[in-house]
Amino acid sequence: MSWLPLAGIAVVILGFALRLNGALVVVSAGVVTGFAAGMNVHEILVAFGEGLRDNRFLALFLLTLPVLGTLENHGLREHAAGWIARRRTAGLFRVLLIYLGVRQLTAALGLVSLGGQAQTVRPLLAPMAEAAAERDCEDLSAQSREDLRAMSAATDNVGLFFGEDIFVAFGAVLLMQGVYANQGIALEPLEIALWGLPTAVCAFLIHAWRLARFSRRFRHERPAP
Amino acid sequence: MITIEHIYVLIGLFLLVAALQTLSDRGNARRFSSAAFWSLLAIAFLAGDYLPADVMGALVIALAIIAGAGGLRGGSHPAPELVACRDGAARLGHWLLLPVLMISVLTLVLAVGLKHVEIGGKMLISAKQTTVVSLGASCTVAFCLALGITGERPLRAVHAGRRLLDAVGWAALLPLLLAVLGGIFARAGVGELVSRLLMDALPLGNQAVALLAYAFGMALFTMVMGNAFAAFPVISIGIGLPVLVGQHHADPAPLAALGMLAGYCGTLLTPMAANFNIVPAALLELRDQHAVIRAQSSTAVLLFCCNLALLFFLV
């Protein structure tokens, strides 16, 4: 047995560490792995082609772009921001925390497509977070704006990942059941899903605590009157 | 029946129009290669089912070379005028939110509600990938709604979409490429090699070592593959079932759930999970493409520790 196919992993790690263009890194890693596993040029091309064809659904978010672009040209982000800015009780911490909670709960009920980076973070959550921070801190630096947007995206990911795993009919739960069933161990999906609960609670508490610390940073940025 | 192929045609048409607009955009320093990139991607969506696999493969290589050589640039888009935006926000108000919410809610309604609806003996929505098809259909409805509410012309709306498309750039392709790489890794048996490596290197007779190897194996292998789903069968069949359940009599249900969640912590930390970590950074126009990973790294590490403690406690 040859260890050669692991060279592809080395290419990936090196490429991302050196911050080379991601598309080129991934394709190179594929070519290296393919050759190392004894595939010829034609087989590698076929593997790439079939892979692309069967995974096109991953680029589906592209269809949201014309919708968002049009609405943004007519003030969607300004409206979302203004709506938060007019509400004194909607502080940065509260906005992000409520989003985290709602995202996690709805994902746990299987309502995964209610949110998302293209559907809710870019048009709604990010401008709302910026508006809430702006109220506490008059001129946000460019870096602060980046941090606010990145934290909005992170909050969506954390809520989604550690919510959906509790949903019984979710792919991950069924995958776990399937893998174990293949090996002769019968598990109930509900049983697996319930064991996701403790980690889900930890995820909420940890991220909520981090959001609290993150939000406090902007309170301190307010210049002295 | 609405199938995923219909949705692919819509994406292909959007990319094709965007490519033509890019071609005529003199403000783009690399308009020819950029237009070539988007047209090739459009072809993958429009003709992917008809082209031979090796031609599609060559297309992937061409896309990566254009992106790697810096051939993909953004066009000249006047930023949305602030006055017009404020005016629009004041005039249209909550109406602006309707199409956005429509995407989310309609996807849900279609995916859950119309899953089994038949018209004339045919399923309305293809049973395969119901959610994906529903999302595509909802975006189309939301697009028409957005045109109606704002009074924008369709071609200008595609222009507006192209502004975001340019902001995302080659990151739009990355999730696809990573899935391709995952497939090649699987064919080359990379997973088996990794779990062999773990089993040979570590004294798994010790229960604590075996648990650590299981949790770290899930997280690290997820980071390499960009996907906990790819890591789970490999690590379960390599360590989880034979060593932890077989030798140390671990309880299988919590072992599976906590192992998968250890993998999710890895997902938060890796650029290989492009759809969650790299695409959002591009979509939010962040200068640092790893900014989202940095924002969630502390949560991921702390949560991994909690998860590890739970694993020791519950299994």
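Residues numbered from 1 in each chain as written. Chains lettered and ligands numbered in written order. Predicted model: local features only at pLDDT ≥ 70, side-chain atom pairs only at ≥ 80, totals over all residues. Heavy atoms only, no water.

A.B. asks: Any chance you could explain the domain arrangement of chain B here in plain terms?
C.D. replies: The extent of an interface is frequently quoted as the accessible surface area lost upon association of the parts. Residue and element names in this part refer to chain B. Partitioning chain B into structural domains gives domain 1 (1–172) and domain 2 (175–314). Computed over C-alpha atoms only, the centres of domain 1 and domain 2 are separated by 32 Å. In this complex, domain 1 contributes six residues to the contact, which on the side of domain 2 involves eight residues. A per-residue breakdown of the area domain 1 buries against domain 2 is headed by Ala167, Val168 and Ala171, which together make up 50% of the total. At the junction of domain 1 with domain 2, the criterion picks out zero salt bridges. Our count for the domain 1 to domain 2 interface comes out at zero residue pairs in polar contact (both at pLDDT 80 or more). Looking at the side of domain 1 that touches domain 2, its residues break down into six nonpolar, no polar and no charged. (Domains from an automatic or database assignment. Contact = heavy atoms within 4.5 Å. Buried area = accessible area lost by both parts, 1.4 Å probe. Salt bridge = Lys/Arg side-chain N within 4 Å of Asp/Glu carboxyl O. Polar contact = N/O pair within 3.5 Å; in protein donor to acceptor, adjacent residues only side chain to side chain. Nonpolar A, V, L, I, M, F, W, Y, C, P; charged D, E, K, R; others polar.)

A.B. asks: Would you mind showing me how to read a nonpolar patch on the surface here?
C.D. replies: Residues and elements named next belong to chain A. Together, Leu190, Leu194, Leu197, Val201 and Leu205 make up an exposed nonpolar region whose accessible area comes to about 450 Å². Among the secondary structure elements, those contributing two or more residues to the nonpolar patch are α10 (189–194) and α11 (197–220). The leading source of residues in the nonpolar patch is α11, at three residues. As for its position among the elements, leucine 190 is in helix α10. (Patch = residues over 30% accessible without salt bridge, like charges linked within 9 Å, V, L, I, M, F, W, Y side chains within 5 Å. Areas by Shrake-Rupley, 256 points an atom, 1.4 Å probe, with all protein chains shown as cover. Helix = DSSP H or I, 4+ residues; strand = E, 2+ residues; numbered from the N terminus.)

A.B. asks: How should I be thinking about the packing of helix α1 (residues 4–23) of chain B against helix α2 (residues 31–47) of chain B in this particular structure?
C.D. replies: For any two helices packed against each other, the geometry comes down to the angle between their axes and how far apart the axes lie. All names here are of chain B. Look at α1 against α2: their axes get within 8 Å of each other, and the N-to-C directions meet at 165 degrees. Between α1 and α2, the angle is such that the two are roughly antiparallel. In this structure, α1 meets α2 at a crossing whose hand is left-handed. Between α1 and α2, the residues in contact are Tyr8, Val9, Ile11, Gly12, Leu13, Leu15, Leu16, Ala19, Thr22 and Leu23 and Arg31, Phe32, Ser34, Ala35, Trp38, Ser39, Leu41, Ala42, Phe45 and Leu46, respectively. Tallied by class, residues from the contact of α1 with α2 come to 15 nonpolar, four polar and one charged. (Axes fitted to C-alpha atoms, helices over the stretch in contact; angles between N-to-C directions. Parallel < 35°, antiparallel > 145°, perpendicular 65-115°, else oblique. Left-handed = near helix turned anticlockwise from the far one by under 90°.)

A.B. asks: Is there a simple way to think about the pattern of salt bridges in this case?
C.D. replies: Two side chains that carry opposite charge are able to pair once their charged atoms sit near each other. Evaluation of the coordinates by the stated rule reveals 16 salt bridges over all chains. The shortest N-O distance in the salt bridge between aspartate 49 of chain B and arginine 56 of chain A comes to 3.1 Å. Of the two residues, aspartate 49 of chain B is situated in the loop between α2 and α3 (53–68) and arginine 56 of chain A in the loop between α3 (41–54) and α4 (64–73); the pairing between them involves two chains. You can call arginine 56 of chain A buried: its relative accessible area is 2%. Where arginine 163 of chain B meets glutamate 72 of chain A, a salt bridge forms, and the shortest distance between an N and an O atom there is 3.5 Å. Taken as a pair, arginine 163 of chain B in helix α7 (residues 154–168) and glutamate 72 of chain A in helix α4 lie in two separate chains rather than in one. Of the two residues, arginine 163 of chain B and glutamate 72 of chain A, both sit in the buried class. Within this structure, Glu72 and Arg122 of chain A together with Arg163 and Glu285 of chain B form a network of salt bridges that share partners. (Buried < 20%, exposed > 50% of the residue type's maximum accessible area, 1.4 Å probe, protein only.)

A.B. asks: Can you walk me through the interface of chain A and chain B in this structure?
C.D. replies: With 107 residues of chain A at the interface, the matching set in chain B holds 124 residues. Together chain A and chain B conceal approximately 11000 Å² of surface at their shared face, both sides included; 77% is due to carbon and sulfur atoms. Considering only the surface of chain A that becomes buried against chain B, Leu52, Arg56 and His74 of chain A emerge as the three largest contributors, covering 7% of it. The interface formed by chain A and chain B holds five salt bridges in total. The interface formed by chain A and chain B contains 24 residue pairs in polar contact (both at pLDDT 80 or more). Sort the elements by how many residues they give to the side of chain A that touches chain B and helix α8 (residues 142–164) of chain A lands first, with 14 residues. Grouping the amino acids of the side of chain A that touches chain B by side-chain chemistry returns 65 nonpolar, 29 polar and 13 charged.

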